[in-house]
Amino acid sequence: MSSRLRRTLLAATLGALACLALPLPGAAAAGPPGPTRLVSTPGKIVSIPASVPHELGDMVDRRIVPDLIWIARRYPIYVTDGYSGPLPNGQHVGCDECHARNSDHYNGLAVDLVPLGGGTKCDASWEPITALAEWAEPVQGEPVLPFRWVGYDGDAGHGCGNHLHLSWNHTPAPMFTLAESVEVFPVTPGEATETTPTAPRSPRAPAIPAPPSGPSGGISRAQTGGIGAHGASGPPPGFGD
Ligand SMILES: [Zn+2]
């Protein structure tokens, strides 16, 4: 190998390493979430891992857990609600009748966030949450993919001192069903080790069986078509809570 080639390779390696450099916790300069990818491995409602501070019992679709872990490592978040609805065993999780109709909470693809250790006053403890909201939605009403709806300042019932709502984009799914596909931002391998690795591309392969539907009508998988156009199918302000 020529020394010139070696220098080129070294420069490329250093450049790649620089790209992997992590922003400081709470830093607004986290960069945009993209590029995103569509996850079509079967979803499942799972407990939120301990590395993401949350209210006892909160659950989400496992396909957004790596993104949640990624966010929790950068922003001091505390999840106050995730999936809201019945489980296959008949139990109900999440805040009942808290969310608007067709809320992504009913699909396990939304979370409500407040600052860890913060209060209900819009004070300095909310600054990282505001930074997170601006990262996910730099312009009001225009969430950055993979987010489908972001509820914060400017949205009734949301905002600094109240809560931040984040929804992930997904194929249309009725209430209490799992979406066929979910859009996520990929995280660096090793950053989300607490989740089951996603299976290689075989969306129909029953590698991870979906939970059986209980007689009480627990959450099931929606068999729906392609992902809706971003924004077009999103709930209007106030309806994505
Ligand atoms: Zn919400």
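Here the structure is a predicted model, which means the values were calculated and not measured. Residue numbering note: each chain is counted from 1, following its sequence as written. Totals for whole chains, interfaces and linings use all residues, but because this is a predicted model, local features are given only for residues with pLDDT of at least 70 and pairs of side-chain atoms are given and counted only at 80 or more.

K.L.:
Just checking my understanding: could you explain the overall build of the protein chain for this structure?
P.N.:
Per the secondary structure count, the protein chain includes three helices and twelve strands. The burial label depends on the number of other C-beta atoms within 10 Å of a residue's C-beta. Counts of 20 or more mean buried, 12 or fewer mean exposed, and intermediate counts mean partly exposed, with C-beta atoms placed from the backbone. For the protein chain, with 241 residues in total, the buried portion stands at 38%. Each residue gets a C-beta atom placed from its backbone, and two residues are in contact if those atoms lie within 7 Å. For the protein chain, the share of sequence-separated contacts (at least 6 apart) that also reach a separation of at least 24 residues comes to 66%. We count a stretch as a helix when DSSP gives it H or I for four or more residues in a row; a strand needs E for two or more, and each element gets its number in order from the N terminus.

K.L.:
What am I meant to see in the sheet that holds strand 9 (residues 164–168) here?
P.N.:
As a general point, the strands of a sheet are linked pairwise by backbone hydrogen bonds and lie either parallel or antiparallel. Spatially, the four strands line up as an open sheet ordered 4-7-9-8, and their pairing is antiparallel. The strands lining the two open edges of the sheet, one partner per strand, are strand 4 (77–81) and strand 8 (147–151). On average, adjacent strands in this sheet sit at an angle of 30 degrees to one another, irrespective of strand direction. The criterion for strand pairing is that DSSP finds at least two bridges linking the strands in question. Across four bridges, strand 7 (residues 110–115) lies against strand 9 in antiparallel orientation. For Leu113, the partnering residue across the bridge sits in strand 9 and is Leu164. Axes here refer to lines fitted to C-alpha atoms; in helices the fit is confined to the stretch in contact. Angles between the N-to-C directions go from 0 to 180 degrees.

K.L.:
Any chance you could explain the nonpolar core here in plain terms?
P.N.:
What tends to happen in soluble globular proteins is that the nonpolar side chains get buried as a cluster. In this structure, Val60, Ile64, Leu68, Leu113, Ile129, Leu132 and Leu166 are the most contacted members of the largest nonpolar core, which totals 41 residues. Taken together, the elements giving at least two residues each to this core come down to strand 3 (59–61), helix 2 (65–74), strand 4, strand 7, helix 3 (127–136), strand 8, strand 9 and strand 11 (182–184). Residues within four places of Leu113 in sequence aside, it is in contact with Ile77, Tyr78, Val79, Thr80, Ile129, His163, Leu164 and Leu166. In plain words, the nonpolar core is the set of buried Ala, Val, Leu, Ile, Met, Phe, Trp, Tyr and Cys residues that C-beta atoms within 7 Å link up.

K.L.:
Sorry, what's going on with the environment of Asn102 here?
P.N.:
Mapped onto the elements of the fold, Asn102 is located in the loop between strand 6 (92–93) and strand 7. Judged by C-beta crowding, with 16 C-beta atoms within 10 Å, Asn102 ranks as partly exposed. Sequence separation between Asn102 and Met175 is 73 residues, and the spatial gap between their C-alpha atoms is 6.3 Å.

K.L.:
Would you explain helix 3 in this entry?
P.N.:
Every α-helix winds through 3.6 residues per turn, so residues three or four apart in the chain are directed the same way. Every buried residue belonging to helix 3 is among Pro128, Ile129, Leu132, Ala133, Trp135 and Ala136, and all of these are buried. Take helix 3 and look down its axis: the buried residues cluster within an arc of 160 degrees, on one side only. Those residues of helix 3 hidden inside the fold are in contact with helix 2, strand 7, strand 8 and strand 9. In this description, one arc is meant: the one made by directions from the helix axis to the C-beta atoms.

K.L.:
Explanation requested: the pairing of strand 9 in the structure shown.
P.N.:
Every regular strand shows the same layout, with side chains that alternate between the two sheet faces. Counting buried residues along strand 9, five of its five residues qualify, which places the element largely inside the surrounding structure. Residue alternation in strand 9 divides its side chains into two sets, Leu164, Leu166 and Trp168 and His165 and Ser167, and both sets are buried.

K.L.:
Looking at this structure, how should I read unusual backbone geometry?
P.N.:
The phi angle of most residues is negative, glycine excepted, and most peptide bonds adopt the trans form. Here the residue pair Leu145 and Pro146 is connected by a cis peptide bond, since its omega of 15 degrees sits within 30 degrees of zero. You can see Pro146 is positioned in the loop between helix 3 and strand 8. A positive phi angle, near 65 degrees, is found at Asn102, a position not held by glycine.

K.L.:
Would you explain helix 2 in this entry?
P.N.:
Most of helix 2 sits inside the fold, with seven of its ten residues counted as buried. Restricting attention to buried positions, one finds in helix 2 the residues Val65, Pro66, Asp67, Leu68, Trp70, Ile71 and Ala72. On its buried side, helix 2 packs onto strand 2 (45–47), strand 3, strand 4, strand 7, helix 3 and strand 11.

K.L.:
Can you walk me through the environment of Gly159 in this structure?
P.N.:
By secondary structure assignment, the location of Gly159 is in the loop between strand 8 and strand 9. The exposure class assigned to Gly159 is partly exposed, which follows from the 19 C-beta atoms found within 10 Å. Taking the C-alpha atoms as reference points, Gly159 and Trp126, separated by 33 residues in sequence, lie 9.5 Å from one another. In contact with Gly159, not counting residues within four places along its chain, are Tyr152 and Asp153.

K.L.:
Would you take a moment to explain the environment of Arg74 for this structure?
P.N.:
By the secondary structure assignment, Arg74 is in helix 2. Assessed through the 19 C-beta atoms surrounding it within 10 Å, Arg74 is described here as partly exposed. For Arg74 and Leu132, which are 58 residues apart along the polypeptide, the C-alpha to C-alpha distance reads 9.0 Å.

K.L.:
Please clarify how the confidence of the model for the protein chain should be interpreted in this entry.
P.N.:
Reading fine detail from the predicted coordinates is not recommended where pLDDT is low. A residue's pLDDT is simply how confident the predictor is in it, with values from 0 to 100. In this model, the protein chain carries an average pLDDT of 77, and 65% of its residues clear a pLDDT of 70 or more. Predicted confidence for residues 8–29 stays below pLDDT 50, and this span has 14 contacts to residues more than four positions away or in other chains. Here residues 228–239 scores under 50 on pLDDT; set against residues more than four positions off or in separate chains, the count is 18 contacts.

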